[in-house]
Amino acid sequence: MNFVKYWALWSALAVTLALGAACSSPTTPTPPPPPPVAEPPSLSCVEGVSRATVNATGVAVSFETPPVTAGQGSVSVACAPPSGEMFPIGTTEVKCTATDSLNRKAECSFNVTVSKLAQLSKTRYLAFGDSITAGEVTFPVGSLAAPGTVGKQVIVPGAAYPAALERTLLGRYPSQSSISVVNAGLGGEKTVNARGRFFQTLNTVAPEVVLLWHGHNDIPGGFDGAASGAASEMRIMAAEARNRGMRVFIATMLPPRPGGNRTIGQVFIDDYNNRMRSLAAQEGAVLVDVYAGLLSDVNRYIGVDGLHPTEFGYAKIADVFFQAIQANFEVR
């Protein structure tokens, strides 16, 4: 093999090797696609929060952080005003914002409503009177009694208007567990004989408010100036309570139910009730018009003896007293 031929073969081989090397050189790898971006955050607020307080400046209210869905990375939620803040009486809007790592935001809002609980400025009550204060009920009552008959009269303490009134007051003013209505009713007692017991009871109970309701045993026959004598004693008792710094409520007598053996004549009731209205005005007392409150349905409210209330009647009496107390002592 001559030199020229050898060189030609070598050149051809070099070209082939060069071309092969060029074809087999490495290529740049394709980068993987970026991870998918999450949906923007979404925030769900509660419908609202309600609280009640006796504090006139408001109350601290705590609430759950609204739940968030979606969002990229770490998602923070902030509310203004924040949970645990003092909220004033009334309605305050709370705005919450969720922010993800891409600074995308979602918002929602809800109301915090704070109401002021009603309270009584006076909580100690004394109900002073006769059997109608004590809670005497004619049994059997209503349709259970034969026409013209009267069953046994029994004291039902739980049905008495002071007990029903106390339940109503505690239900209306739940933050004031100290509310009490002391029942100082005594069956058969006349007003003209009640002064000593009244003074003693004032010393024992020391009430803030006296619910004075007497006279049903004094005036049924209208004899011997009974209405005048009873009204005179009522004036003395009302003045004594007032002089001790107690508020006095004076109630009118019950309306009669015709046909009972203890029904009081209408003329005597009207006369005595007019005296009670005058007495309340003169003594600065609150008049509780029980007569007007029960007049609309005496057959439902007054028992078959014509005098003592039924349990429906006692509940109605308690409501009449409650309305008078609420009007005079409720504060917000």
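A. Summary view of helix α3 (residues 161-172). The end-to-end C-alpha distance of α3, which contains 12 residues, comes to 16 Å, matching closely the 16 Å that a straight helix rising 1.5 Å per residue would cover. Packing partners of the buried residues in α3 comprise β9 (119-120), β10 (124-129), α2 (131-134), β13 (180-185), β14 (209-213) and α9 (311-329).

B. Region of interest: the state of the cysteines. Tallied over the full model, the rule gives two disulfides. For C45, the disulfide goes to C108, at an S-S distance of 1.9 Å. Linking C45 and C108, the disulfide has an S-S dihedral of approximately 70° and is accordingly described as right-handed. With C45 in the loop between β1 (42-43) and β2 (48-53) and C108 in strand β8 (residues 105-116), the pair connects residues that are 63 residues apart, well separated along the chain.

C. Geometry of the packing of aromatic side chains. Summed over all chains, the structure comprises eight aromatic pairs. Each ring, one from Y125 and one from F329, has its centre 6.4 Å from the other, and the planes form 50°; the classification is tilted. Of this pair, Y125 sits in strand β10 while F329 is found in helix α9, placing the two residues 204 residues apart along the sequence. There is no split in this pair, since Y125 and F329 are both buried. Ring geometry for F198 against F199: centres 6.2 Å apart, planes inclined by 50°, an arrangement best described as tilted. Given a relative accessible area of 0%, F198 falls into the buried group. On the basis of relative accessible area, F199 is assigned to the partly exposed category, the value being 24%. Members of the aromatic cluster, joined through ring pairs, are Y125, F249 and F329.

D. View of empty space enclosed by the protein. Applying the stated rule across the entire model yields one cavity of 30 Å³ or more. Counted as a void, the largest cavity has a volume near 30 Å³. Here the lining of the largest cavity is composed, by residue class, of six nonpolar, two polar and no charged.

E. Region of the structure containing the sheet that holds β10. With parallel pairing, the five strands of this open sheet are ordered in space as β13-β10-β14-β15-β16. In the strand order of this sheet, the two ends are held by β13 and β16 (286-288), each with one partner. Taken pair by pair, the neighbouring strands of this sheet meet at an average axis angle of 20°, ignoring direction. For strand β15 (residues 247-251) and β16, the ladder comprises three bridges, and the chain directions are parallel. Note that in β16 the partner of F249 across the bridge is V286. Its contacts with the sheet place α3 against β10, β13 and β14, and it is angled at close to 175° to β13. Along the sheet, helix α6 (residues 266-283) contacts β15 and β16; its crossing angle with β15, the most-contacted strand, is approximately 165°.

F. Region of interest: unusual backbone geometry. In this model, A80 is joined to P81 through a cis peptide bond whose omega is -5°. One can find P81 in the loop between β5 (76-80) and β6 (86-87). Located in the positive-phi region is A70, a residue other than glycine, with phi close to 60°. Here A70 lies in the loop between β4 (68-69) and β5. On the basis of relative accessibility, which here comes to 45%, the residue A70 falls in the partly exposed class.

G. Looking closely at the packing of helix α4 (residues 195-205) against helix α5 (residues 226-243). Between α4 and α5, the least distance of the axes is 10 Å, while the angle of their chain directions is 15°. Comparing the axis directions of α4 and α5 gives the class roughly parallel. Here α4 runs over α5; the crossing is right-handed. Residue-level inspection shows R195, F198, F199 and L202 of α4 in contact with α5, the latter providing E233, I236, M237, E240 and A241. Of the residues assigned to the contact of α4 with α5, the class counts are six nonpolar, no polar and three charged.

H. Broad picture of the sheet that holds β2. With mixed pairing, four strands are arranged side by side in an open sheet as β2-β8-β7-β5. Edge positions in the sheet fall to β2 and β5, since each of these pairs with one other strand and no more. Strand-to-strand, the axes of this sheet are offset by a mean angle of 20°, without reference to chain direction. Pairing geometry for β5 and strand β7 (residues 90-99), over five bridges, is antiparallel. When the bridges of β7 are listed, A78 appears paired with T97.

What counts and how
Residues numbered from 1 in each chain as written. Predicted model: local features only at pLDDT ≥ 70, side-chain atom pairs only at ≥ 80, totals over all residues. Heavy atoms only, no water. Helix = DSSP H or I, 4+ residues; strand = E, 2+ residues; numbered from the N terminus. Expected span 1.5 Å × (residues − 1). Contact = heavy atoms within 4.5 Å. Disulfide = S-S within 2.5 Å. Phe/Tyr/Trp six-rings, centres within 6.5 Å; stacked < 30°, edge-to-face > 60°. Buried < 20%, exposed > 50% of the residue type's maximum accessible area, 1.4 Å probe, protein only. 1 Å grid on protein atoms, 1.4 Å probe; cavity = no way out; pocket = protein on both sides within 12 Å on 5 of 7 lines; lining within 4 Å. Points joined across faces, edges and corners; volume = space filled by probe spheres on them. Nonpolar A, V, L, I, M, F, W, Y, C, P; charged D, E, K, R; others polar. Pairing = 2+ DSSP bridges. Axes fitted to C-alpha atoms, helices over the stretch in contact; angles between N-to-C directions. Parallel < 35°, antiparallel > 145°, perpendicular 65-115°, else oblique. Left-handed = near helix turned anticlockwise from the far one by under 90°.

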